[in-house]
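Okay, here's what each chain looks like letter by letter:
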Amino acid sequence: MGSNGIERLVGNERYSKMQGMKVLLVGAGGIGCELLKNLILMGFGEIHVVDLDTIDMSNLNRQFLFRQRDIRKAKATTAVRAVEYFSNSKLVAHQGNIMDSEVFPLSWFKQFNILFNALDNLSARRYVNKMSQFLNVPLLESGTAGFDGHIQPIIPGKTECFDCTAKETPKTFPICTIRSTPSQLVHCVVWAKNFLFQQLFGGGEQEMPSQEDMGTNDPSEIERINQETDELYQLHEWVQYGDETKVYDIIKKLFVHDIEKLLMIENLWRTRRKPVPLGNVQPYSEDINNDHHAMWSLQDNINKFAQSTKILMKRLKSEKSLEFDKDDQDMLEFVASAANTRAHIFNIQMKTVFDIKQIAGNIIPAIVTTNAIIAGLSSLVSLRVLNLLDIISNGPTNIPMAFTAKASNMSSHRYLVAPLLAPPNPKCPVCSHYQRTVITLNQESWQSMKLGDLIKKIRDRYGFSEEMSVMDMTSNRLLADFDFDDLYSQTLQGLRLNIGTILAVSDSISKEDDTVRKPIEFYLELDNLVNEIDFPALPLVRVIQEDETENPEEPKVDDGEPIFVDNGAILIEDEETRAEVDKQRKRAYSNVENASITKRPKVDEADAAIILLD
Ligand SMILES: Nc1ncnc2c1ncn2[C@@H]1O[C@H](COP(=O)(O)OP(=O)(O)OP(=O)(O)O)[C@@H](O)[C@H]1O
Ligand SMILES: [Zn+2]
């Protein structure tokens, strides 16, 4: 849709408003490239693009603003250069990490009317979410994984934030499965990549795993795992010296002796099929199979293992230590041949190098169409978030989020589900737990002010009790609490409390009062124009003490004053609304999650098909 289309949709007045708006796009990858094009065509006045990375060959199939000649150039600047010729928007590219608060302090984020996330990792998403909560600026969150995708508009204080619902973390396996009893190829790949490769060519030593990570209580098994780790250290030395004659010994140790030792722990094999150590297999240096799409024989894998080990040994001489990269052919071949050989020993089906690459890189193939659909929805829904459309039911929770479901499950049902947004989760550790504000200091206060003075100022200004505690959330350390004042005499600079440090201040239990002041997160800013220190006012909100109730964060308003939805951090709502919303959400989510198992419930036509006008 060209600018004229959007102009007709929103009307000239709002269109000229859009031309005065500044938007931030974080990430210029798969979704980011699509979104940048959309935002330009929509006619936003100024668009800033941030990305920390450079362009890789493997990006070219879907990140359509990049060409072969751009490989190794910065994504943000290259993306901007590619669209400049058709853009009426002012474009600004930044190569950097969005979480770098020196380059992108909160005051920098403040200039934007809306933020768009087009990221690929949780920590950056969480960070931008927090900035949006601090500033009360809407955020459009988005992501894809293969055919699955989602967008979530986040309006601070009014709708759920990114952290209001629990997020899936990457799958891990117990150590005993990886080291002693693999039963799937993925276990062998994790062994080859995270253990063997790391021990031989990486930094070497690894942390001792905890009992919980071990996944077993069997003392003989734990002892064997620890012994094996020590022995590998010897292999590490051979590899460091680059002694190629030892390759055969390495093969024997890993695939014969270690397996024989495992077999001696009889407990392990009562209910499992026993592994079979390699017979007398010699590696051959001629006749190497280099076809990554072919199914290699055991001999092919052994030959490749020997060859890639020698190559990596040589590289270690100039590169010191190596870090696994799925796109590095030598590393990939080492991991694939080691994983396949181990798989053979444990009676697990081997796979091609190409397949193992997907497993080793945790790759879900990125689908360009999903990215385009998600970026399209993200940009369209921003019109509603920014209140640019005439819609009858325009409350924030009448705006939809959207999910796409696996195309393989489409059949006659729908690809797109668009449940309405929910209000903030009162138990959310991010948006509901804290009030938020900014403390601004000048250079001199930052250098000379003591932590104790800062704490006293905060206590006086915001009405915390003597029992308050202070955490540095950025480096995750406790700075002070009711019986810890050792750091009081240190300066803020001495404590490395820099621009962008986030301090969490909370009241601890006080005996007389069963309510305490709601915790506050402070973002530290530096500005030489302020006189000593600047603390904005924040309404006083009290909460019931955490240990006395199941719903700790339910806010209680002080002294019977009217409920206030102040800086957007708090929204007080009644139980019933919450329960109803929860029910609706569950239904909506199950539409997507159960799509593959059950017949997906019919989605309300109006909700599902049209995102703009529900
Ligand atoms: N903290 C961050 N600051 C700025 N940009 C970031 C940050 N974290 C991730 N990104 C960028 O977000 C983009 C996400 O895009 P995408 O999901 O397409 O990943 P990709 O790295 O381009 O592709 P792939 O991971 O599939 O190789 C990347 O370009 C990445 O550099
Ligand atoms: Zn939240």
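A quick note: this is a predicted structure, and the numbers were derived from the prediction, not measured.

This next bit is on the overall build of the protein. Counting its secondary structure elements, the protein contains 19 helices and 17 strands. For the protein, the residues scored as buried account for 51% of the 614 residues in total. As displayed, the protein has an accessible area near 29,300 Å², and 49% of this comes from carbon and sulfur atoms.

Next up on the list: the pairing of strand 3 (residues 90-95). The pairing of strand 2 (residues 46-51) with strand 3 spans 6 bridges and is parallel. When the sheet's bridge partners are listed, Asp51 is paired in strand 3 with Gln95. A crossover connection joins strand 2 to the parallel strand 3 through helix 4 (residues 75-83); in handedness this β-α-β unit is right-handed.

Turning our attention to the sheet that holds strand 4 (residues 114-117). Overall, mixed pairing links the 8 strands, which are arranged 3-2-1-4-5-6-7-8 in an open sheet. The outermost strands of the open sheet, each flanked by one partner alone, are strand 3 and strand 8 (416-417). Sheet analysis places strand 1 (residues 22-26) next to strand 2, joined by 5 bridges and oriented parallel. By the bridge assignment for strand 2, Leu24 is matched with His48. Contacting strand 2 and strand 3, helix 4 runs over the sheet at an angle of about 160° to strand 3. Sheet strands touched by helix 15 (residues 368-385): strand 4, strand 5 (139-145), strand 6 (148-154), strand 7 (402-404) and strand 8. Its angle to strand 6, the strand with the most contacts, is close to 15°.

A few words now on the state of the cysteines. In total, this model carries 0 disulfides according to the counting rule given. Just so you know, Cys188 is unpaired, no disulfide at all, and the nearest cysteine sulfur is the one on Cys176, 14 Å from it. With relative accessibility at 0%, the residue Cys188 sits in the buried group.

Here the focus is the sheet that holds strand 14 (residues 520-526). Across the sheet, 6 strands lie side by side as 11-10-12-14-9-15; this open sheet has mixed pairing. Here the strands that pair on one side only, and so sit at the sheet edges, are strand 11 (477-480) and strand 15 (533-534). Lying over the sheet, helix 6 (residues 122-135) contacts strand 9 (435-441), strand 12 (502-506) and strand 14, oriented at roughly 90° with respect to strand 14.

Here we come to the coordination of the zinc ion (ligand 2). With distances of 2.2 to 2.3 Å, the protein atoms coordinating the zinc ion (ligand 2) are Cys161 (SG), Cys164 (SG), Cys428 (SG) and Cys431 (SG). Classification of the site at the zinc ion (ligand 2) rests on its 4 donor atoms, whose angles at the metal span 94 to 121°, yielding the label tetrahedral. Along the chain, the residues donating to the zinc ion (ligand 2) fall in the pattern C-x2-C-x263-C-x2-C. In this pair, Cys161 sits in the loop between strand 6 and helix 7 (175-179) while Cys431 sits in the loop between strand 8 and strand 9, placing the two residues 270 residues apart along the sequence. Look at Cys161 and you get buried, because its relative accessible area is 0%.

Structurally, Ser379 is set in helix 15. From its side chain, Ser379 meets the backbone oxygen of Gly376 in a polar contact 3.0 Å long. Beyond its immediate sequence surroundings of up to four residues, Ser379 is in contact with Leu35, Asn38, Leu39, Met42 and Phe116.

The residues that UniProt annotates with the feature "binding site: Zn(2+)" (unreviewed entry) are Cys161, Cys164, Cys428 and Cys431. What stands out for the annotated residues spanning 271 residues is how close their C-alpha atoms remain, the widest pair being 8.3 Å apart. Apart from the residues within four sequence positions on either side, Cys161 is in contact with Asn129, Gln133, Gln152, Ile154, Cys428, Val430 and Cys431. In this fold, Cys428 is placed in the loop between strand 8 and strand 9. Aside from chain neighbours lying at most four places away, what touches Cys428 is Cys161, Asp163, Cys164 and His433.

Right, let's talk about the pairing of strand 12 for a bit. For strand 12, a buried count of 4 out of 5 residues is recorded, marking the element as mostly surrounded by other parts of the structure. When strand 10 (residues 469-472) meets strand 12, the two strands line up antiparallel, connected through 4 bridges. Within the sheet, the bridge partner assigned to Ser469 lies in strand 12 and is Ser506. By the bridge criterion, 4 bridges tie strand 12 to strand 14 in an arrangement that is antiparallel. Each bridged residue has a counterpart across the sheet, and for Leu503 the counterpart in strand 14 is Phe522.

Applying the stated criterion to the full structure yields 21 salt bridges. The salt bridge partner of Asp70 is Lys73, with a shortest N-O separation of 3.5 Å. Its relative accessible area of 34% is what places Lys73 among the partly exposed residues. Between Arg125 and Glu141 there is a salt bridge; the shortest N-O distance is 2.6 Å. Here Arg125, found in helix 6, pairs with Glu141, found in strand 5; they are 16 residues apart in sequence, far enough to count as distant.

This paragraph deals with helix 8 (residues 185-201). Along its length, helix 8 reaches its greatest deviation from straightness, about 30°, at Ala192. Among the 17 residues of helix 8, 13 are classified as buried, and the element is accordingly described as predominantly covered.

What counts and how
- Residues numbered from 1 in each chain as written.
- Chains lettered and ligands numbered in written order.
- Predicted model: local features only at pLDDT ≥ 70, side-chain atom pairs only at ≥ 80, totals over all residues.
- Heavy atoms only, no water.
- Helix = DSSP H or I, 4+ residues; strand = E, 2+ residues; numbered from the N terminus.
- Buried < 20%, exposed > 50% of the residue type's maximum accessible area, 1.4 Å probe, protein only.
- Areas by Shrake-Rupley, 256 points an atom, 1.4 Å probe, with all protein chains shown as cover.
- Pairing = 2+ DSSP bridges.
- Right-handed = clockwise from strand over helix to strand, strands pointing away.
- Contact = heavy atoms within 4.5 Å.
- Axes fitted to C-alpha atoms, helices over the stretch in contact; angles between N-to-C directions.
- Disulfide = S-S within 2.5 Å.
- Donors = N, O, S within 2.8 Å, 3.2 Å for Na, K, Ca; no water.
- Tetrahedral: all angles 85-135°; square planar, octahedral: opposite > 155°, others 65-115°.
- Polar contact = N/O pair within 3.5 Å; in protein donor to acceptor, adjacent residues only side chain to side chain.
- UniProt positions renumbered as here; feature names shortened; annotations may be inferred.
- Salt bridge = Lys/Arg side-chain N within 4 Å of Asp/Glu carboxyl O.
- Bend = angle between axes of the 7 residues up to and from the residue.

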